[in-house]
Amino acid sequence: MSILRRLSTMAQKVIYDAHYPLQDLVEGLNDGRFFRGTLRILQKKHELAFVENPVSGEKDVLVEGTDQNRALHGDLVAVQIHPKQRWKLLKSELIQHLTLHQSEGNPEDVVLGENSITFQGKTYNEKNVDDCFLQKTGQVVGIVEKKHSRKTMGYAKAYNKNFGLFSPLDARVPRMLIPVNQLPRGFEQRPKDFSQSLMIASVERWEMTGKFAIGRLLEAIGGDNDDLVHAATRGILCEFDLDDLPFPEDINDEIPDFTITPFDVAERREFDFRNKCVFTIDPATARDLDDACSVEDLGGGVFEVGVHIADVSHFVKPGTEVDTIARNRTTSVYLVQRVIPMLPRRLCEDYCSLNPGIDRFSFSVVWKMNREGEVLERRFGKSLIRSCCKLHYEHAQDMIEEPDREFEPGYLPEIHNGYTARDLSKRIAVLHEIAQNLREKRKKYRLRLCVDTTA
């Protein structure tokens, strides 16, 4: 390396701190100096990110700008909380508190500073307010696991004679410098010709001195008007590492035939719902019906509410090829013009689709609850069901809005097992009432579902 080049490299401004070595990260996590969590970068304001606070009941930790330290959205990171003097004042919450609790409080008396407010002549900042009015901030000190694929769609434009500048469609992914010799033929001479050509690139490295990451072009996928949907679909599949390969031709050999044996009936006797009013509610275009519900009035304002999920485990055994593929895919993926199924069609559209009038294996959760949504009893178990109707969202909405409506022949799908449209309307009305009451409780008490993503 020439002396001039070395001097130029040394003179580059350091933007990011070095990540801690793995051993130091482990020690810091164990002794409490660091904590780990998933980095959530805001889509529309990518300079802001949050990591769930390990202290129960406290607000998530804010990670701003360069403190994200080259981690990407979804990565499992180690975070060090900043000293208190770097925490952010929650101005709106403090103003609301002061104006409510001061006898002569008026929001017009507030003067806003950079990280302070002045109210009735007194200045409030991180030094003299309770911690509940402060937003803890922190810095990523290491990436525990790169969950983000580092692949992304975007467009490239000229940067200099050696590199093109790649701008991802997802603002949470950094812009990248890509060597010109990797870009499509003709880009170097006519870069504007490629301004509307979608490309897929991957982040290869991101130095401490790098305003931009260094990237590698994976594929130029086009994107002119004629093939925009195809190109964008190809980009999505690559960006999220989605497997869209056809299932092996012999995959159905692993799937047992559909039979309900006396043993199956005996095993699921406590949860045999085949003669009860079970129904599905899905989009009109749905082909795989994997969940159903049921409601029975037990009297005294108490109802038995059931949710029934197709029992895939009855057909897919651990360690089989079907199991391996399904584990990797995790879920079916619905795109604009196609569906990538998690399971072979024999399962997702037949054996494990809760089609009406047909016995199906399922797993059920059954609650006894009142109209307020208070749970009095709960049960879980393998079950058998026979759905009586395949309702669409529009049908259910009609029943909610017009509970006494007499539906004209042919408007609703066929109803099986001796039940009627009135039976379905009554049950959907009960579910809707319970759902409304639970929603009001959630708003009133600010309830939320918390999932531990660090375990």
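Everything below is about the structure shown above.
The rules we used
- Residues numbered from 1 in each chain as written.
- Predicted model: local features only at pLDDT ≥ 70, side-chain atom pairs only at ≥ 80, totals over all residues.
- Heavy atoms only, no water.
- Pairing = 2+ DSSP bridges.
- Helix = DSSP H or I, 4+ residues; strand = E, 2+ residues; numbered from the N terminus.
- Axes fitted to C-alpha atoms, helices over the stretch in contact; angles between N-to-C directions.
- Contact = heavy atoms within 4.5 Å.
- Patch = residues over 30% accessible without salt bridge, like charges linked within 9 Å, V, L, I, M, F, W, Y side chains within 5 Å.
- Areas by Shrake-Rupley, 256 points an atom, 1.4 Å probe, with all protein chains shown as cover.
- Salt bridge = Lys/Arg side-chain N within 4 Å of Asp/Glu carboxyl O.
- Lys, Arg positive; Asp, Glu negative; His and termini not counted.
- Charge placed at Lys NZ, Arg CZ, Asp CG, Glu CD.

**Looking at the sheet that holds strand β15 (residues 198–205)**
(1) Moving on: Strand order in this closed barrel of five strands is β12-β13-β14-β16-β15, and the pairing throughout is mixed. Shown here is a sheet whose adjacent strand axes are inclined to one another by a mean of 50°, direction ignored.
(2) Moving on: As defined by bridge partners, strand β12 (residues 151–158) adjoins strand β13 (residues 163–168) across five bridges and the pair is classed as antiparallel. Pairing of A158 across the sheet is with G164, part of β13.
(3) Moving on: Where helix α4 (residues 228–239) meets the sheet, its contacts fall on β12, β15 and β16 (213–222), and the angle it forms with β12 comes to roughly 120°.

**Things to note about unusual backbone geometry**
(1) Moving on: One non-glycine residue, N69, lies in positive phi territory at about 50°.
(2) Moving on: Note that N69 resides in the loop between β4 (61–64) and β5 (76–81).
(3) Moving on: Although it is not a glycine, R150 sits at a positive phi angle of roughly 70°.
(4) Moving on: Here R150 is to be found in the loop between β11 (138–145) and β12.

**Details of a negative patch on the surface**
(1) Moving on: On the surface, a cluster of negative charge is made up of E249, D250, D253, E254 and E321.
(2) Moving on: Residue placement: E249 occurs in the loop between α4 and α5 (262–267).

**Thoughts on the pairing of β16**
(1) Moving on: Sheet topology places strand β14 (residues 176–179) next to β16; two bridges connect them, and they run parallel. Counted as the bridge partner of L177 is I214 from β16.
(2) Moving on: The pairing of β15 with β16 spans seven bridges and is classified as antiparallel. Bridging across to β16, I200 finds its partner in E219.

**Let's talk about the sheet that holds strand β8 (residues 117–119)**
(1) Moving on: Pairing in this open sheet of three strands is antiparallel, and the strands run β7-β8-β9 from one edge to the other. Since the sheet does not close on itself, it has two edges, and those belong to β7 (110–112) and β9 (122–124), each with one partner. Across the sheet, the axes of successive neighbouring strands diverge by a mean angle of 25°, strand direction being ignored.
(2) Moving on: The pairing of β7 with β8 spans three bridges and is classified as antiparallel. Looking at the pairing, L112 lines up with I117 of β8.

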